[in-house]
Amino acid sequence: MKMIPDLETLLPAVASGKVGKISLVGAGPGAADLLTLRALRVLQAADVIYFDRLIDPDVLELANPKAAQVFVGKDVGACAWPQEVINQMIVEAAKAGQHVVRLKSGDPSVFGRADEERAAAAEAGVPCEVIPGITAASAAAAVLGQSLTSRGESDRVIFATGTCRDGDEAPDVAALLRPGTTVALYMATRMSGALQAQLMGAGFRQDMPVEVVASASKPNEAVLRSTLAKLSEDMQERGISHPAIIFLRSPKHADADQRCIDANSLITGQTEH
Ligand code: SAH
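These figures come from a predicted structure and were not determined experimentally. (Residues numbered from 1 in each chain as written. Predicted model: local features only at pLDDT ≥ 70, side-chain atom pairs only at ≥ 80, totals over all residues. Heavy atoms only, no water.)

Peer 1: So, the site of the ligand: which residues are in play, and what are the values?
Peer 2: Near the ligand there are 20 residues, and of these Asp 107, Val 110, Thr 135, Ala 216 and Ala 244 occur at the shortest range. A distance of 2.6 Å separates an oxygen atom of the ligand from a polar atom in the side chain of Thr 135. Within the backbone of Met 187, one N or O atom sits 2.9 Å away from an oxygen atom of the ligand. Against a free-state accessible area of 550 Å², the protein chains account for coverage of 96% of the ligand. Across the shell around the ligand, the residue classes break down as 13 nonpolar, five polar and two charged. (Near = heavy atom within 4 Å. Polar contact = N/O pair within 3.5 Å; in protein donor to acceptor, adjacent residues only side chain to side chain. Areas by Shrake-Rupley, 256 points an atom, 1.4 Å probe, with all protein chains shown as cover. Nonpolar A, V, L, I, M, F, W, Y, C, P; charged D, E, K, R; others polar.)

The following block contains the structure:
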C-alpha cells in the first residue's frame, strides 16, 4: 500500500496539463460486498484514495493496486486531518490531473460533509461526482430484521445525529419522535445517558424499546435490544460502542391500518361495508 502519491504517479498527470476529477464515493457500512458496482469501478480507476477511519481494509483491497492510499482519520469528534486540509489535498491532487477518490463510510450525503468537499471542488473548477452508498441505518435495519418504515406503524424515518458541531444545540430527539416515526440516531453512543434523560423527561415510557446495532455488516457486528430506562447500563454491560445506530420508534395508533381498503376487495372490485 502506497501512503502518499509519489512523483512517478503525479508527473505524467501534471505533464498532460489536464485537470483530473474528484469522486466522493460511499463505501457502505463496512462489508466489502455491500459496495455498489459503480463504487468498485471508480476505486479500480483511482490514482489516489483518501479514506476515513470507518473504511474496512477489505474495501481498500479491491482498489487499483497502483493507487496511493491516504488515511485521513476522520471520525466522530476527532479528526486527524482538519476538513479544510482534506478539501485542499483532494483539490490539489485533482488539479494535478489525478482521479481522486474520497472514500467515505456509508453514503457520502448522510453526515458525510460531502457538501464542503463539493464546494471546494467547484471553487477550484474541478469536476466532482458523488457515488451513493448504503447508509448505516439501512444496514442496521437489515441486521435487526426490522424495517425503517412499517406500513401502518411507522410512515416516516428520520436520520439524526447525536453529535453536532461544537457550540450547536444538542438535537431535540423528543420533538422528532412524533407518533408514526422511526428515528435512526447516528454518532450517538456517547450521548445515551443524555438521551434517556431527555426522553424520560419528555414523558416517554421507561419500557419503550430501544435497539442499538453496532458495526453493522462488520465481523464484530452486535445487536442490543434494550429499553429507554436501561439503555446506557445495557450498552456498557454488553460493550456496545461506536460505530452504532440507536433506533427509537414511536408507533402510530395500532388501528391506523383499519382505515385502508382491503387489498382483496381491490382485486375483485368489491368493497365490503
Ligand atoms: N456517511 C455515513 C455516516 C457517517 S457518520 C453513513 O451514511 O452511514 C458516522 C456514524 O455512522 C457512526 O457514528 C455510526 O453512528 C454510523 N455508522 C457507520 N458505520 C456503521 C456501522 N457499520 N454500523 C453501525 N453504525 C455505523
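Moving on from the coordinates now.
Peer 1: Which residues make up the pattern of salt bridges, and what are the values?
Peer 2: Taken as a whole, this structure holds 12 salt bridges when the rule is applied. Linking Asp 56 and Lys 218 is a salt bridge whose minimum nitrogen-to-oxygen distance equals 3.0 Å. Of this pair, Asp 56 sits in the loop between β2 (48–51) and α3 (57–61) while Lys 218 sits in the loop between β10 (209–214) and β11 (222–227), and the two are 162 residues apart along the sequence. Summarising the burial analysis for this pair, Asp 56 and Lys 218 share the class buried. A salt bridge links Glu 92 to Lys 95, with the nearest nitrogen and oxygen atoms 3.8 Å apart. Within this pair, Glu 92 and its partner Lys 95 are both found in helix α4 (residues 83–95), separated by three residues, close to a single helical turn. Look at Glu 92 and you get partly exposed, because its relative accessible area is 42%. (Salt bridge = Lys/Arg side-chain N within 4 Å of Asp/Glu carboxyl O. Helix = DSSP H or I, 4+ residues; strand = E, 2+ residues; numbered from the N terminus. Buried < 20%, exposed > 50% of the residue type's maximum accessible area, 1.4 Å probe, protein only.)

Peer 1: Residues and numbers for the environment of Ala 67, please.
Peer 2: Mapped onto the secondary structure, Ala 67 falls in the loop between α3 and β3 (68–71). Exposure remark for Ala 67: the relative accessible area of 2% places this residue in the buried category. When the C-alpha positions of Ala 67 and Leu 43 are compared, they lie 8.7 Å apart, and in sequence the two are 24 residues distant. Setting aside residues no more than four positions away along its own chain, Ala 67 makes contact with Ala 46, Asp 47, Val 48 and Ile 49. (Contact = heavy atoms within 4.5 Å.)

Peer 1: I'd love a proper account of a nonpolar patch on the surface, names of residues and values included.
Peer 2: Taken together, the side chains of Phe 111, Val 157 and Phe 159 define a hydrophobic patch exposed on the protein surface, amounting to about 220 Å² of accessible area. Its place among the elements puts Val 157 in strand β8 (residues 156–161). (Patch = residues over 30% accessible without salt bridge, like charges linked within 9 Å, V, L, I, M, F, W, Y side chains within 5 Å.)

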